[in-house]
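Here is what each chain is made of, one letter per residue.
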Amino acid sequence: MRIVLLFCTVAAITAAVVYALIPSRAAKLVNEPMPETRGGAEVVTSQGGGSAEAPKTTGETASRSDSGENGSAAAASADAPSGSSASAGVAGNAAASPPIKGHPAPGDPAPDRDVPQRSGSRDAALEHELRKMLNDGDFAKFFPAAEKAVAAAPPDSEARAHLGQILTDGRNLAWLRGKWRRLEPVHRVVNGDNLSSLARRHHTTVYCIKAGNKLKSSSIMIGQKLTLVPGPWRVTVAKKARLLTLYRRREGGETIFAVFSIGIGRNDSTPTGKFVLSHRRLHPVYRDPQGRVFACGDARNPLGEAFLALALPENPAKPYRGYGIHGTTDNASVGRSVSHGCVRMRNEDVKMLYSLLPPATPVEITD
């Protein structure tokens, strides 16, 4: 009997100790962080009074959305809807509907008023004369005459736009026919040369040297003759006239190489100032603010055939807020203000820039 009482006493004491050491479920719940809802996203409140938000999806991109590549092949574009809205894409908040591409958004000018603002008028007689030279195929005579005529026209004029288009057509035609070789310098490869060093030395690109000389690889041989299209180059963009002018500096001075019609940003969103070209992409992939990825050629990819990022001169390796110069899948938007800040060009035009212009090429954008 005494043994039984002793056993019960020990058991009771043991149970009391165990109960005191193991917290109850109620006490455990008090000490656990409790989820709460804040702004449509789950937030976990910690014991210390701080909070750590659970991952949430937003419409924001790593850079400004018009064509901003963030160092990878995938890009967010300012021609796509900007993701700067704090509520875009957040759970519980409806994302703002993006403007329809090619159509005015609230605050944009009506299509019939969304036109380039250019001075003066066309010179039909001079245009006819240059077209005749071009059709005759006499490029050695055509280019000096066309360059002189374009240079004499004011930068924001109708004459600059139309004469410049003839000059640009001549560049493309000469390239297609291979006639440009007679007009550009020839380099004979020497020991130590490679395509990268030649491109740097002559202010051009490896792509241009390979394409212009029909090289299937990057290998070159001593004594080989390579036709170059050297710089240095610079670019000016006149927003109101919606013209991009490409200049080339040679020993005899600076000449106008080509002139292109462009599209600009709605609501005056294309920045003005001095920039340089940063990285360049051929056949760029586009990532929209919702994270969807579209390959080049997809109608939902607004970047076209090439993308040239803009950077500030003091920081040329860092693209400036995603702004750039790129092609388009919608040629009707060229000449209008429907992007979110980038400069749009026709695909054949932006591919010429991609071919010729190396990184660090200066770009000046004015009103």
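Residues numbered from 1 in each chain as written. Predicted model: local features only at pLDDT ≥ 70, side-chain atom pairs only at ≥ 80, totals over all residues. Heavy atoms only, no water.

1. Re the confidence of the model for the protein
Next, step 1: Predicted confidence across the protein gives a mean pLDDT of 78, with 70% of residues reaching 70 or more.
Next, step 2: The low-confidence segment residues 17-77, where pLDDT is below 50, has 123 contacts with residues more than four positions distant or belonging to other chains.
Next, step 3: A low-confidence stretch, residues 80-96 stays under pLDDT 50, and its non-local contacts, those more than four residues away or across chains, total 31 contacts. (pLDDT = per-residue confidence, 0-100. Contact = heavy atoms within 4.5 Å.)

2. Notes on the packing of helix H3 (residues 124-136) against helix H5 (residues 158-177)
Next, step 1: Where H3 contacts H5, the axes come no closer than 10 Å and their chain directions differ by 5°. As summarised for this structure, H3 and H5 are arranged roughly parallel, according to the angle between their axes. On H5, the residues touching Leu126, Glu127, Leu130, Arg131 and Leu134 of H3 are His162, Leu163, Ile166, Asp169, Gly170 and Leu173. (Axes fitted to C-alpha atoms, helices over the stretch in contact; angles between N-to-C directions. Helix = DSSP H or I, 4+ residues; strand = E, 2+ residues; numbered from the N terminus. Parallel < 35°, antiparallel > 145°, perpendicular 65-115°, else oblique.)

3. Digging into the packing of H3 against helix H4 (residues 139-152)
Next, step 1: Look at H3 against H4: their axes get within 9 Å of each other, and the N-to-C directions meet at 155°. Here H3 is positioned roughly antiparallel relative to H4, judged by the angle of their axes. Here H3 runs over H4; the crossing is left-handed. Contact residues: H3 offers Leu126, Leu130, Met133 and Leu134, while H4 offers Phe139, Lys141, Phe142, Ala145, Ala146 and Ala149.
Next, step 2: Taken together, the residues of the contact of H3 with H4 break down into nine nonpolar, no polar and one charged. (Left-handed = near helix turned anticlockwise from the far one by under 90°. Nonpolar A, V, L, I, M, F, W, Y, C, P; charged D, E, K, R; others polar.)

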